[in-house]
Amino acid sequence: MSDGLRPQTLLTLIAVVAVMASGTVRAAAPSFDLDLDVELDPATRRFHAVATVAPAARDFRFELHESLQVTTASADGKSVGVVAAGREGPISAWRVRMPAGTARLRLEYRGTLPALDRDLDERGVLRGLPPMASEDGSFLSAAGAWYPQPATLFSYKVTVSVPGDQRALVPGRLHTESLPSGVSGRYRASFEFAHPAAGIDLMAGPWLIREKVMPRANAAPLRLRTYFPRELDAVAGLADGYLDDTRRYLELYEEEIGAYPFTGFSVVASPLPTGFGMATLTYIGAEVLKLPFIRATSLGHEVLHNWWGNGVYVDDATGNWSEGLTTFMADYAYKERESGAAARASRLAWLRDFAAVPAGHHQSLAAFRSRTHGAAATVGYGKSAMVFLMLRDAIGEDAFGRALRAFWEEHRFANASWSDLQAAFEKAAGRSLAPFFEQWLDRAGGPAVKITAATAKAEGGKVRLTLTVVQSAPAYALHLPLEIVIAGRAELRSIDVGGLRDVVTMLVDAMPEGVRLDPELRVWRVLDRAQLPPILRQWVIAPAPRWVQASDAGDVREAATALAKRFFEVPPRPLSRDALNKGAEPVMLMGLHPDVDAALSDAGLPSRPASLAGRGSAQVWTIERDDGPPIAVVSARDAVSLRALLTPLPHYGAQSWLVFDGRRVLDRGVWQAPGRLVAVQSER
Ligand SMILES: [Zn+2]
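Here goes a summary of the coordinates provided. All of these numbers come straight from a predicted model, not from anything done at the bench.

### Looking at the overall build of the protein
- Looking only at helices and strands, the protein has 14 helices and 37 strands in total.
- Structurally, the protein occupies a C-alpha span of about 95 × 70 × 50 Å along its principal axes.
- In the protein, which comprises 684 residues, the share counted as buried stands at 52%.
- Accessible surface computed for the protein: about 29300 Å², of which carbon and sulfur atoms make up 51%.
- In the protein, the 75 positive side-chain charges and the 76 negative ones have mean positions that sit 0 Å from each other.

### Notes on unusual backbone geometry
- Here the bond from A473 into P474 is cis, since omega is -5°, no more than 30 degrees from zero.
- Its identity is not glycine, yet R45 carries a phi of approximately 65°, on the positive side.
- Phi at F413 takes a positive value of approximately 55°, unusual for a residue other than glycine.
- Turning to its location among the elements, F413 is positioned in the loop between α8 (397–411) and β22 (415–416).
- For F413, a relative accessible area of 12% corresponds to the buried category.

### Here's the deal with the coordination of the zinc ion
- Taken together, H301 (NE2), H305 (NE2) and E323 (OE) make up the full set of protein donors to the zinc ion, lying 2.1 Å away.
- Sequence spacing of the donors to the zinc ion: H-x3-H-x17-E. Taken together, the positions of H301 in helix α4 (residues 292–304) and E323 in helix α5 (residues 322–338) put the pair 22 residues apart, joining distant regions of the chain.
- The exposure class of H301 is buried, given its relative accessible area of 8%.
- We classify E323 as buried; its relative accessible area is 14%.

### Examining the nonpolar core
- One finds W308 and F425 to be the most contacted residues of the largest nonpolar core, which totals 159 residues.
- Per-element tally for this core: the top contributor is helix α7 (residues 374–395), with twelve residues.
- Excluding its chain neighbours within four sequence positions, the residues that come into contact with F425 are F388, L391, I395, F400, A403, L404, L433 and F437.
- Counting residues in each nonpolar core, the second largest holds 28 residues, with M590, L592, L645 and L658 among its members.

### Concerning the packing of aromatic side chains
- If you walk through the whole model with that rule in mind, you get 37 aromatic pairs.
- Ring plane angle 75° and centroid distance 5.7 Å describe the contact between F262 and F413, whose orientation is recorded as edge-to-face. Note that F262 is positioned in the loop between α3 (238–256) and β18 (264–270) and F413 in the loop between α8 and β22, a separation of 151 residues in sequence.
- In this structure F262 comes out as buried when scored by relative accessible area, which is 6%.
- Measuring from ring centre to ring centre gives 4.5 Å for F354 and W524, while their planes differ by 35°; the resulting arrangement is tilted. Taken as a pair, F354 in helix α6 (residues 340–356) and W524 in the loop between β28 (514–517) and α11 (537–540) lie far apart in primary sequence, 170 residues in all.

### Observations concerning the packing of α8 against helix α9 (residues 418–429)
- As a packed pair, α8 and α9 sit with axes 8 Å apart at the nearest point and diverge in direction by 135°. With respect to α9, the axis of α8 lies oblique. α9 is crossed by α8, and the crossing has right-handed handedness. In contact with A399, F400, R402, A403, L404, F407 and H411 of α8, α9 contributes D420, L421, A424, F425, A428 and A429.

### Quick notes on the sheet that holds strand β10 (residues 138–140)
- Strand order in the open sheet made by the three strands is β10-β15-β12, with antiparallel pairing throughout. Edge positions in the open sheet fall to β10 and β12 (167–169), since each of these has one partner strand only. When strand polarity is set aside, the average angle formed by the axes of neighbouring strands in this sheet is 10°.
- Where β12 and strand β15 (residues 202–205) come together, three bridges link them in antiparallel fashion. The residue bridging L169 from the neighbouring strand is M203, located in β15.

### Considerations on the pairing of strand β11 (residues 154–163)
- With respect to burial, β11 is a largely interior element, nine of its ten residues being buried.
- Pairing analysis gives six bridges linking strand β2 (residues 34–41) to β11, with the strands arranged parallel. From the neighbouring strand, E39 faces β11, where its bridge partner is S161.
- The pairing of β11 with strand β14 (residues 186–197) spans nine bridges and is classified as antiparallel. In the sheet register, Y156 faces β14, and the bridge partner there is F193.

### Overview of the sheet that holds strand β37 (residues 681–682)
- The strand order across the open sheet built from four strands is β27-β24-β23-β37, with neighbouring strands paired in mixed fashion. Edge positions in the sheet fall to β27 (501–508) and β37, since each has one partner strand and no second.
- Examined bridge by bridge, strand β24 (residues 462–471) and β27 share eight bridges and lie antiparallel to one another. What sits directly across from V469, in β27, is D502.

### What about the pattern of salt bridges?
- Per the counting criterion, the structure on display carries 33 salt bridges.
- Here D244 ties to K212 by a salt bridge, and the two come within 2.8 Å at their closest N and O atoms. Remark: K212 occurs in strand β16 (residues 207–214) and D244 occurs in helix α3; sequence separation between them is 32 residues.
- According to the relative accessible area criterion, D244 is partly exposed, its value standing at 38%.
- With a relative accessible area of 13%, K212 lands in the buried category.

### Describing α8
- Given a rise of 1.5 Å per residue, 15 residues ought to cover 21 Å, and the 21 Å separating the end C-alpha atoms of α8 matches this to within 8%.
- For α8, the full list of buried residues reads A399, F400, G401, A403, L404, F407, W408 and H411.
- Just past α8, the residue F413 takes up positive phi, approximately 55°.

### Some words on the environment of S682
- Structurally, the position occupied by S682 is in strand β37.
- Among the residues examined, S682 registers a relative accessible area of 49% and is labelled partly exposed.
- Separated by 505 residues in sequence, S682 and E177 have C-alpha atoms that sit 79 Å apart.
- Here S682 is in contact with A456 and M511, once residues within four sequence places are set aside.

The rules behind each value
- Residues numbered from 1 in each chain as written.
- Predicted model: local features only at pLDDT ≥ 70, side-chain atom pairs only at ≥ 80, totals over all residues.
- Heavy atoms only, no water.
- Helix = DSSP H or I, 4+ residues; strand = E, 2+ residues; numbered from the N terminus.
- Buried < 20%, exposed > 50% of the residue type's maximum accessible area, 1.4 Å probe, protein only.
- Areas by Shrake-Rupley, 256 points an atom, 1.4 Å probe, with all protein chains shown as cover.
- Lys, Arg positive; Asp, Glu negative; His and termini not counted.
- Charge placed at Lys NZ, Arg CZ, Asp CG, Glu CD.
- Donors = N, O, S within 2.8 Å, 3.2 Å for Na, K, Ca; no water.
- Core = buried A, V, L, I, M, F, W, Y, C linked by side-chain atoms within 4.5 Å.
- Contact = heavy atoms within 4.5 Å.
- Phe/Tyr/Trp six-rings, centres within 6.5 Å; stacked < 30°, edge-to-face > 60°.
- Axes fitted to C-alpha atoms, helices over the stretch in contact; angles between N-to-C directions.
- Parallel < 35°, antiparallel > 145°, perpendicular 65-115°, else oblique.
- Left-handed = near helix turned anticlockwise from the far one by under 90°.
- Pairing = 2+ DSSP bridges.
- Salt bridge = Lys/Arg side-chain N within 4 Å of Asp/Glu carboxyl O.
- Expected span 1.5 Å × (residues − 1).

As structure tokens, then:
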């Protein structure tokens with residue numbers, strides 16, 4: 001390494017360092033489609049940039065956020081005019097005609113960026129952001145039009161300069177870097193991205209940088225970094241833990257898929273409450289970086305996106321396969337490694353979320369683009385991951401792994417579609433998978449399957465078991481695991497069905513007591529009620545939710561109103577107490593313990609579960625009913641305890657019940673729901 005670091009050396013940057021690619025001798029500066037020189041002053045939010053663009057066409061159109069004004073424009077040194085070409089919301093379109101014989105356009109532009117909006121919640125962040133600056137952190141999202149984009153996909157070099165103890169970065173290879181010195185007092189760094197990129201996100205913040213160099217057997221070492229604010233960096237072992245875990249994930253996926261395609265990976269702390277994955281880095285809320293599940297799950301998910309999404313690109317026209325594949329190979333794979341029970345709990349959570357999507361709101365997997373609301377995530381993450389699981393179950397682990405490695409080799413740094421994936425899996429499996437992909441991608445929803453009759457009859461020394469299996473229309477071709485209970489012991493088989501009504505027979509050793517379909521939940525389908533305890537997400541994503549105030553006190557009503565506003569994806573309609581049993585849409589009952597108990601009793605509903613009574617400062621639970629609307633209850637000791645749920649409660653959609661002490665969850669869980677054992681009738 002040019003800076004004399006040995007692999008594995010931990011470095012906190014305290015002196016001026018200049019970093020060059022190891023062993024590279026540059027004969028000539030490479031030319032990028034976009035070369036940006038940016039100066040940002042987060043305290044005043046002043047932004048100044050010089051862009052050198054190689055436009056794809058002589059008639060060059062680009063967009064800039066309304067806060068930015070072009071001050072000079074020239075083509076190969078000759079001044080050119082920039083004219084307004086329309087406007088959409090806060091984004092203005094501009095147009096330049098490149099004079100004949102000119103190749104590169106130089107634009108100088110400046111402005112004062114909007115202030116960072118700290119009130120953005122996760123849903124707001126997912127909707128796209130303007131470029132925003134503050135001393136606590138600046139985020140210039142690619143969607144915020146802070147630079148002139150030369151083409152749909154383009155290469156770039158960005159040099160960024162920020163004052164004092166601010167640091168800044170964009171995705172790409174760190175090319176040069178210098179810390180503030182007496183003269184300039186500014187931090188400067190330049191980054192290169194030589195592959196086709198769809199956009200550039202720029203981040204700055206008051207960060208300390210830590211670095212570890214990760215050696216690799218057959219490739220150049222990787223530069224791993226954390227960009228954490230001082231107080232986060234000071235948390236014992238945290239930054240080091242992130243660097244070590246990043247290395248572990250990179251090694252895992254290099255082994256499973258192929259060599260990591262970039263020169264480093266950074267974990268960057270954001271003042272905003274969510275996580276973004278970009279090529280070469282992840283930008284995660286500083287608050288959540290302290291939570292253990294981020295390192296255990298989200299970090300691996302974002303690292304893997306460097307292969308799926310930022311390595312092989314998703315073609316927006318043909319659907320997003322990358323979230324499901326990433327969820328399957330990261331989040332779900334970690335659960336599989338943990339235990340069979342943990343993996344089953346993940347599958348149950350996906351199927352539960354699916355069952356909670358109201359009829360008529362289903363979307364096909366082929367139509368999934370990105371996560372904009374809960375119902376879309378159910379398909380784009382849950383169903384998609386389950387489709388990859390069913391595919392691996394169908395073609396075997398070897399063929400599955402080979403297909404993914406070949407897909408990676410063939411489509412690196414290019415758009416790929418579901419049909420490219422299908423082709424890779426078909427080649428590895430040596431057979432057509434068209435019916436599989438057609439039914440799981442193009443159809444919305446999923447099959448409801450059940451055994452309607454099970455009979456058994458002695459035959460020779462054995463017993464012939466005959467099952468009638470029916471499913472909802474349209475029928476799916478399904479490979480269904482089947483549990484057969486004989487003399488109290490469970491035996492696992494599988495059956496294949498493909499029609500609305502199939503009769504399946506098989507020989508077993510002795511007279512079975514009962515049978516159960518897909519007990520391990522390995523097939524995407526509509527679970528029946530016996531397998532589906534109600535969970536809070538059914539309320540969160542309800543299209544027409546309703547709520548009832550159990551208490552009359554002003555401060556309690558105020559806290560409940562704020563919680564109702566925060567909890568549901570669409571504003572809930574208030575109901576009077578005597579309407580608890582009316583309608584079919586989910587209802588949430590909120591108030592203080594005695595008022596909630598009285599309301600439940602007046603409505604003839606089951607009383608507070610004994611397992612929750614008397615615990616913590618607030619209790620939340622769902623009520624399973626055979627008729628009437630599903631009811632969720634939020635019951636608190638006082639107004640303060642109710643208000644404390646405002647931030648945490650919306651994050652617990654996967655639970656049936658919770659006990660809170662203030663903002664902290666003391667206990668939580670999902671109601672028990674045994675699958676249905678279908679009794680086997682003996683035939684004479
Ligand atoms: Zn993702």
